[in-house]
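Residue-level structure breakdown
Residues per chain are reported as follows:
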Amino acid sequence: MAIAIASSKPKEVFVEKEDPVYKEVTSEEEGKPEFVQKDLDTIPSQSENKTNSETAIKKQVVFNQDGILITATGIELNGSFMGHEVKFLIENNTEKNLVVQARDVSVNGYMVFTSMSAEVSSGKKINDSLTIDIDSLEESGIEDIEYIDFSFHIFNDDSWDDSIDTEMIHIETK
């Protein structure tokens, strides 16, 4: 049992399965039980990211329509605390303030958890990124990013109308 003390009203939290740090063994000499500490190396820990550090993306225009130009500029492995970052340069040559969001993202054919919502003012440019969650890659068994598929949802930041949903965009790594 553990007690959560993050609030002024602590609550009981019940743990379904415990993984004790000590295990019971029997001494060969006396036949009496003893408790010895488990080898801490066998206790599961967060696994290291195994994604290939050689992964790169060729600089390429991925969307160019109605005064909006989006260029993939690269990928940074472990670019943030959440994961890998696909870098974009977003140019807004319209008279509207825009928000660009990534949707339906998959890596190597597996849907993964991601984050991207870039606000770019009228007539401005912004460098932003699509963050791909490392845990989501690991859960899908992905060690090397071979390709990424996604679409953009682009809308007017002031009125939330005039939206554009792009076709699926495919980026291969090298």
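A brief look at the structure comes next.

So, how was this worked out
Residues numbered from 1 in each chain as written. Predicted model: local features only at pLDDT ≥ 70, side-chain atom pairs only at ≥ 80, totals over all residues. Heavy atoms only, no water. Helix = DSSP H or I, 4+ residues; strand = E, 2+ residues; numbered from the N terminus. Buried < 20%, exposed > 50% of the residue type's maximum accessible area, 1.4 Å probe, protein only. Contact = heavy atoms within 4.5 Å. Areas by Shrake-Rupley, 256 points an atom, 1.4 Å probe, with all protein chains shown as cover. Pairing = 2+ DSSP bridges. Core = buried A, V, L, I, M, F, W, Y, C linked by side-chain atoms within 4.5 Å.

1. Description of the overall build of the protein
The secondary structure content of the protein amounts to one helix and 15 strands. Among the 174 residues that make up the protein, the fraction classed as buried is 36%. In the protein, once contacts between residues fewer than 6 apart in sequence are set aside, the share between residues at least 24 apart is 55%. Just so you have it, the protein exposes about 11,700 Å², and 45% of that area is on carbon and sulfur atoms.

2. Overview of the sheet that holds strand E10 (residues 114-115)
Here we have five strands laid out as an open sheet, ordered E5-E6-E7-E12-E10, and antiparallel in their pairing. Edge positions in the sheet fall to strand E5 (60-65) and E10, since each of these pairs with one other strand and no more. In terms of strand pairing, strand E7 (residues 83-92) meets strand E12 (residues 125-133) through nine bridges, oriented antiparallel. Counterpart to His84 in the pairing with E12 is Ile132.

3. What to know about unusual backbone geometry
Positioned with a positive phi, Asp66 is a non-glycine residue whose angle comes to about 50 degrees. The class for Asp66 is exposed, based on a relative accessible area of 57%. For Asn108, which is not glycine, the phi dihedral falls at a positive 55 degrees.

4. A look at the nonpolar core
Among the nonpolar cores identified, the biggest contains 32 residues, and Ile70, Phe88, Met116, Ile148, Phe152 and Ile154 are the most heavily contacted of them. Those elements that provide at least two residues to this core are E5, strand E6 (68-76), E7, strand E8 (98-107), strand E11 (117-120), E12, strand E13 (147-156) and strand E15 (169-172). If you tally residues by element for this core, the top one is E8, at five residues.

5. Here's the deal with the pairing of E5
The pairing of E5 with E6 spans five bridges and is antiparallel. Bridging across to E6, Asn64 finds its partner in Leu69. Once E5 ends, the chain turns through two residues before running back antiparallel as E6, passing Asp66 with a positive phi of about 50 degrees.

6. Brief notes about the pairing of E6
The side chains of a regular strand alternate between both faces of the sheet. Counting buried positions along E6 yields seven of nine residues, so the element is predominantly enclosed. Here E6 runs beside E7; their pairing, made up of eight bridges, is antiparallel. If you follow Ala72 over to E7, its bridge partner there is Phe88. The turn linking E6 back onto E7 is made up of six residues, and Asn78 within it adopts a positive phi angle of 55 degrees.

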